[in-house]
Amino acid sequence: MQNHWKVAYKTLLTSRTFMGCCLANFLTYGGLFAWITASSAILIDQLGLTPSTFGFCFGFSGSGLMLGAFINGLGVKRLGIERMLGLGWSIIMLSGIFLATYSWIIEPSAAVVVASAFAFYIGCALIFANTNARAFTPFGHIAGTAAGLYALDRKSTRLNSS
């Protein structure tokens, strides 16, 4: 029993499912914290919003997490975890492509940036809930170790993106 923790970590670190979920969470949290960090500079300094208007826009975009969680609650029973993950990634990618294309062809606007962030947050909610479920389901017997390693992944994202 003395080496149980080593076996648990080796099991998790060599699992493509677990590590894939950690990577998905890492990338998604990176995007989320990039928006949190840069949004005021983009919306106030670059696009000229007032601080109070920025607060409203930031809150609106963040409400995409709530809508995404609601959508996930309805959709995961019908579509399953894999499809919901695919939908989440698709929404995130399309929001980025839309923002980049619009900003390249036409001058960027606060409405487009906030709408893209709102859609991004919806995709985040789909990614977070489903990667958590997918990462932990096969490892109930070492759930504490899995949770600790998973939390380390999320905390390191916050450090790297800030």
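Residues numbered from 1 in each chain as written. Predicted model: local features only at pLDDT ≥ 70, side-chain atom pairs only at ≥ 80, totals over all residues. Heavy atoms only, no water.

A look at the overall build of the protein
Tallying secondary structure elements over the protein gives five helices and zero strands in all. The order of α-helices and β-strands along the protein, N terminus first, is α-α-α-α-α. The dimensions of the protein, computed from C-alpha atoms along their principal axes, are 60 × 35 × 25 Å. Looking at the protein as a whole, 35% of its 162 residues qualify as buried. Element-wise, carbon and sulfur atoms account for 69% of the exposed surface of the protein, whose accessible area totals about 9300 Å². Charge-centre separation for the protein: the mean point of 10 positive side chains lies 20 Å from the mean point of 4 negative side chains. (Helix = DSSP H or I, 4+ residues; strand = E, 2+ residues; numbered from the N terminus. Buried < 20%, exposed > 50% of the residue type's maximum accessible area, 1.4 Å probe, protein only. Areas by Shrake-Rupley, 256 points an atom, 1.4 Å probe, with all protein chains shown as cover. Lys, Arg positive; Asp, Glu negative; His and termini not counted. Charge placed at Lys NZ, Arg CZ, Asp CG, Glu CD.)

Quick notes on the nonpolar core
One finds Leu32, Trp35, Leu43 and Cys124 to be the most contacted residues of the largest nonpolar core, which totals 19 residues. Elements represented by at least two residues in this core include exactly α2 (16-46), α3 (51-105) and α4 (110-136). If one sorts the elements of this core by residue count, α4 sits on top with nine residues. Setting aside residues no more than four positions away along its own chain, Leu32 makes contact with Phe120, Tyr121, Cys124 and Phe128. By size, the runner-up hydrophobic cluster in this structure holds eleven residues, among which are Ala8, Leu12, Phe18 and Cys22. (Core = buried A, V, L, I, M, F, W, Y, C linked by side-chain atoms within 4.5 Å. Contact = heavy atoms within 4.5 Å.)

Here we look at the packing of aromatic side chains
Geometry of an aromatic ring pair is reported as the spacing of the ring centres plus the angle between the planes. Tallied over the entire structure, the rule returns ten aromatic pairs. Taking the centre distance of 6.3 Å and the plane angle of 80° together, the rings of Trp5 and Tyr9 count as edge-to-face. In this pair, Trp5 and Tyr9 are both assigned in helix α1 (residues 4-13), four residues apart and thus about one turn of the helix distant. For the pair Phe18 and Tyr150, a centre-to-centre distance of 5.9 Å together with 55° between the ring planes defines the contact as tilted. (Phe/Tyr/Trp six-rings, centres within 6.5 Å; stacked < 30°, edge-to-face > 60°.)

Side note on the packing of α3 against α4
When two helices pack together, their arrangement is given by the angle between their axes and by how far apart the axes lie. It is the contact of α3 with α4, at a shortest axis distance of 4 Å, that shows an interaxial angle of 150°. With respect to α4, the element α3 is oriented roughly antiparallel. Among the residues forming the contact of α3 with α4, the class breakdown is 33 nonpolar, twelve polar and two charged. (Axes fitted to C-alpha atoms, helices over the stretch in contact; angles between N-to-C directions. Parallel < 35°, antiparallel > 145°, perpendicular 65-115°, else oblique. Nonpolar A, V, L, I, M, F, W, Y, C, P; charged D, E, K, R; others polar.)

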